[in-house]
Structure formats: structure tokens, C-alpha cells
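# Commentary on secondary and tertiary structure
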Amino acid sequence: MATISPAIASNFTPPPSTAAKSSNFFSGVGNRGFRLNFPTKTTRGRKSGNLSVLGCAESRNPPEEIDLSDPNWKIKYERDFEQRFNLPHLTDVFKDLKPRPSTFCLKMRSPVSEDFAGGYPSDEKWNGYINNNDRVLLKVIRYSSQDSAGAECIDPDCTWVEQWVHRAGPREEIYFRPEEVNAAIVTCGGLCPGLNDVIRQIVITLDIYGVKNIVGIPFGYRGFTDKGIKEMPLSRKVVQNIHLSGGSLLGVSRGGPTVREIVDSMEERGTNMLFVLGGNGTHAGAVAIHNECRKRRMKVSVVGVPKTIDNDILLMDKTFGFDTAVEEAQRAINSAYIEVGPLIMNQPLAGLSLSQAHSAYRGVGLVKLMGRSSGFIAMHASLASGQVDICLIPEVPFHIHGPHGILRHLEYLLDTKGSAVICVAEGAALNLLEKSNATDASGNAVFGDIGVHIQQEIKKYFKELGTSADVKYIDPTYMLRAIRANASDGILCTILGQNAVHGAFAGFSGITVGLCNTHYAYFPIPEVIKYPRLVDPNSRMWHRCLTSTGQPDFI
Ligand SMILES: Nc1ncnc2c1ncn2[C@@H]1O[C@H](COP(=O)(O)OP(=O)(O)OP(=O)(O)O)[C@@H](O)[C@H]1O
Ligand SMILES: O=P(O)(O)OC[C@H]1O[C@](O)(CO)[C@@H](O)[C@@H]1O
Ligand SMILES: [Mg+2]
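Here goes a summary of the coordinates provided. (Residues numbered from 1 in each chain as written. Chains lettered and ligands numbered in written order. Predicted model: local features only at pLDDT ≥ 70, side-chain atom pairs only at ≥ 80, totals over all residues.)

## Re the overall build of the chain
Scanning the chain from terminus to terminus reveals 14 helices and 19 strands. By the burial criterion, 49% of the 555 residues in the chain qualify as buried. When contacts within the chain are restricted to residue pairs at least 6 apart in sequence, those whose partners lie at least 24 apart make up 79%. (Helix = DSSP H or I, 4+ residues; strand = E, 2+ residues; numbered from the N terminus. Buried ≥ 20, exposed ≤ 12 C-beta atoms within 10 Å, placed from the backbone. Contact = placed C-beta atoms within 7 Å.)

In C-alpha cells form, the structure reads like this:
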């Protein structure tokens, strides 16, 4: 019997190997959820063999028990959920803090009216605000049975349990005078398409509230303390066109100062609104900064915007940059396909009638995509391209050798189709690589190259067989991260940036913003970084990917 936590039933939980290597997850994050026993899930509808290879749905990381014999368990669970997703607020510490009318109102606003400190300059009611009691439903499928694909049930009967999160957006009352706000923006971790779009929108929205003091902290958290790094004054004018290029106007970094040093620096600068754009590590830092500010009784709002090209933040439909990365990844897959794949000729060529020709003889196109712990980019790019025969992700175990291994299937593909395309995520099958304790400046594990390993194994295998296989290996990793956001990510970034500012003005701190069932919601940061969001091998999406590639189980 395996265990599952209802608190985390919404997302596939990491195998222990992933948890160990992603040390940033879990740090300082308490888990107040329940747990209960849950029947073993299967990969692709049947029990998977050696689940210790890389982990599967069996490997969950459960918190406390829930007593299902208690007739009130559902009410208790819903109450517990509401508590867990309660948003930390300035008034938790500053009990006497009084709100004031919002200076954010698009109706009747004119560039000539400069002073909004008194609030919306009309008695007329404007209905553009979000009520603090508005909620977004986190889970929208009602599963009738645990056997349903991707089922996320809390009890064996799959009882319908409501899980509501807080709706993002501008509030009618705010907790900062715009003229007293000293806002700072920082971008940490690796690059991601859309960082500039979010920076731009945060600045523009702050400007609409009437904030004049906005700075960028260059090069991630390091910019707070490294001598020689000067903060960058930001204004509408400075950020106007930055979204037209990729990267981050502010630069990024990993590692850096301690939380205390960061908060010391914030105190010196007088920062009272901090916007942090980054992944799980950056968000762990943001919670720690929020807690330290509380400890020092500083009236500061710390708001995150999840930036992860890997799409590995919990509870969100997707994170910005992911769509763009998938689109760009398709280009790499298409190049691999052109190198090796069958080209359908519209025009008869000399010696070839309307038929197929191959760019390489018995060619294997191999593309390695990002995905430290999660295979979302590889899965979505494979689905989108329709040109992939084998998709390999960290969440699904596979063998390279043996009767069910990848190499045997490749042989079949080369014999029958003449070519094959493999798409592999960087974190797939790490157990096959030589162990290394190398870490980057933030403490993230640095992996060997699974793409190179597979390439070598393919070459060896076919050489031993006495046949040929022409492997073309493409690693587009950094090309995917450096480009500007596509239209869909551009919109996502814009809305996230706006909502981050609304959240800060509303007095929330230690929160982050994300897309949830096509609506925008605020989450307490610890809830979204408990562990990396992973592809569920039992989900419809993975099954769709398998249907598209036609690949067998490689175990
Ligand atoms: N547990 C933590 N507490 C405080 N700060 C942290 C923590 N984990 C990471 N950080 C800091 O957050 C910053 C970014 O972390 P990291 O390099 O892991 O990138 P990330 O935010 O996870 O983004 P990416 O998705 O690109 O990996 C670093 O400066 C790091 O020092
Ligand atoms: O080489 P860098 O800049 O440390 O970034 C690499 C990592 O960043 C990520 O793209 C996440 O942002 C991972 O998939 C990858 O392992
Ligand atoms: Mg990270």
C-alpha cells in the first residue's frame, strides 16, 4: 500500500531521488496536511515493474494521517485546506494597520490628475475590484473512481471535496500610500522567456497606483549585497520596450547572500515592496525574507512571480516561459526530424517517385530538452511536434538495454521506418549516469549529460549488431531560454505582473501568483514549492503523449 496526501493529491509527488537532489524544495516549509492510505497506482494502467528505477506514483511524500472513519473528515479537510491557503497579511503583525481607498482605478483616471493619494476621485461605485472573499476552485474534475486516468482522490470513494484558493486582482482597499512605497524588483535563478515582460508590467502597474520610487536589484539576490552592483532606477520610460528582447533587464544569478544580509540591505534601502521573479529556490528565499521582515516588524510586502521554464511549480496551470520554450523546442525537434526523418516529396525526384526519402541513412535524431526533475517541456514538445518516436522523461522509468529497452525498439524503428526521433529531458534516468556530487552556486545538483550517454549507447549497440545508425544529437538548452516570450506567454506575464502589484498593495506578503483553471489566484508560497511539480505517468497528458509517439513501455 502506498500513501497519498490529500493536501498534495493535486500533483504527482516526487520520487525520493528527486526530493533529495532538489534540496531547495521542502526547506523551511511545514506541511500541515493529512494523509491516508491509498491503493497503489500503476503506470499506463498496469502495475509497473521495478518502481525503484526512478519512482512512480507510488513514491509519495505524505504528511499526517486523516481519519476517514470520522464522519466529519470532509468538513475538517476543507477547513484545514482553507487555513493552509490563507494568505499572510500585514495586519497579522500590524494589528492596527488601517486600509485606505485604492488609488488603482482605470475608470476616470487621467494622466493630468497626479495625486491619487486620496483615493478614487468619485463617489460613483466602480465594480472593477476583487472581493477578498472571492475564490477560485482549484480542482475541477469530479472523479468517480480511483481507476479514472489521473484521478486525484482524497478518499477511496473519491468524495467530492471543495478546494478553494484566493482570487487575484485589485482590491478596493490598499495598505500602502503610493508616495511612501519603495518598490524593488529582483530576478533570480536561470533565464526564462518573459522575465522582461513581467518586470515591465510590474513597473507600469506600480506607476498606475502612483508609485514613483521603483528600483531593480541587478543580478538576483547577489545585487543586494555585492559591492559594485548598483540598483537600477526603473520607470515606465525605462521599461517601455524591454519585452521586445529576451533575457532579463536586471540580469540573474544563483547563490548569493544570506537572508539576513538581504533584509539588512532592504532596511538600508527602505524597501517596503519586494517583487521576486524566480523558481522554487527564489521562492524559498522569498518566504525566508518575508519571515525575517516579520521578525523585525518591518512593514514589507514580499510577492513572488513564479518563473520556471520547466513548469515545475505546484498547483498552477502553467508558468510563464513554458509555452515559449515548448514552441522553440519544436524547432529543435523539427531539425532533428529533417536530419533523419522521412521527407514526403511533393515533387518526384530523379530516381524517386512520389515517395519517401531520408536525409540520413538509418538516422536517429536525438534532442535533449530542459527539465531538471520534470518532463513537461519534453512531453509537450513531443506532443506539439508530432515528430517524436520516443519521449523520455524523469518521471517514467525506462531501460536502454534488454528486450524491452530503447535500443531494441530503435532497431525496430530503423528497420521498419528507416529513421527515428528521440526527445529526452535532462533529468531522465539519472541513475544511468555516473554519480556526481557537483552542485551549482544555489546548491542544485549538476547532472551528467543523458543525451550524450544515450548517443554513445546507440552507437555502441548498432556497431555491435554490425548495422549502422547515424545519430544526430541536438542540445538546444540555452537557445530555449534566451528568446523573447511568445504571444501567449506575453499575456500571461502581463497579467501576473499586474496581479503581483495588486497583491502587494492589498497588504499580502509571502504570496505568489499563478494561473489556476484559467483564472488568476494568489497562493501562500510554501504551498507551491513543497516539491517539484511532476508529470503524472497516470495522467491523460502522458497517455496522450504515448498515443502520439506510439512508444511501448521501456521496462
Ligand atoms: N532555501 C532557500 N532559502 C533562501 N534562499 C534560497 C533558497 N534556495 C535558493 N535560494 C536562493 O534563490 C536564488 C535562486 O535559486 P535557484 O538558483 O535554485 O533558482 P530557482 O529560483 O529555483 O530558478 P530555476 O528555475 O532557474 O532553477 C539563489 O540566489 C539562491 O541562493
Ligand atoms: O545552467 P544554468 O543557468 O544553471 O541553468 C540550468 C537549469 O535551469 C533550468 O532551466 C531551470 O531554469 C533547468 O532545467 C536547468 O537544469
Ligand atoms: Mg530551481
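Now that the structure has been shown, we can carry on.
## A closer look at the site of ligand 2
Around ligand 2 sit Gly 189, Gly 190, Gly 279, Thr 308, Ile 309, Asp 310, Met 370, Gly 371, Arg 372, Glu 426 and Asp 440, and that is every residue in its neighbourhood. Counted by class, the shell around ligand 2 contains 2 nonpolar, 5 polar and 4 charged residues. (Near = placed C-beta within 6 Å. Nonpolar A, V, L, I, M, F, W, Y, C, P; charged D, E, K, R; others polar.)

## Some points on the site of ligand 1
Within the structure, ligand 1 sits among 22 residues, and Gly 189, Gly 279, Gly 281, Gly 285 and Ser 442 are positioned closest to it. For the shell around ligand 1, the element with the most residues is helix H6 (residues 280-295), which contributes 6 residues. By residue class, the composition of the shell around ligand 1 is 5 nonpolar, 16 polar and 1 charged.

## Some points on helix H5 (residues 259-269)
At 3.6 residues per turn, the α-helix brings residues three or four places apart onto the same side. Buried within H5 are the following residues: Ile 262, Val 263 and Met 266. One side of H5 carries all its buried residues, which in axial view fall inside an arc of 95 degrees. Of the surrounding elements, those touching the buried residues of H5 are strand E10 (273-278) and H6. Once H5 finishes, Gly 270 follows within two positions and takes phi at roughly 80 degrees, a positive value. (Arc of directions from axis to C-beta.)

## Topic: the sheet that holds strand E9 (residues 232-233)
Note: strands within a sheet are paired through backbone hydrogen bonds, in either parallel or antiparallel orientation. If you trace the 9 strands from one edge of the open sheet to the other, you get E4-E5-E19-E18-E11-E10-E7-E8-E9, paired in mixed fashion. Among the strands making up the open sheet, the edge pair consists of strand E4 (135-137) and E9. Pairing analysis gives 6 bridges linking strand E18 (residues 511-516) to strand E19 (residues 519-524), with the strands arranged antiparallel. Within E19, the position partnered with Ile 511 by the bridge is Pro 524. Sheet strands in contact with helix H3 (residues 195-209) are strand E7 (182-187), strand E8 (213-217), E10 and strand E11 (301-306), and its direction is about 175 degrees off that of E7. (Pairing = 2+ DSSP bridges. Axes fitted to C-alpha atoms, helices over the stretch in contact; angles between N-to-C directions.)

## Overview of the sheet that holds strand E16 (residues 419-425)
Spatial ordering of the open sheet is given by E15-E16-E14-E17, a layout of 4 strands whose pairing is parallel. Looking along the sheet, the strands with just one partner apiece sit at the ends: strand E15 (390-392) and strand E17 (470-474). Within this sheet the neighbouring strands show an average axis-to-axis angle of 15 degrees, counted without direction. The pairing of strand E14 (residues 363-369) with E16 spans 7 bridges and is classified as parallel. Counterpart to Val 364 in the pairing with E16 is Ala 420.

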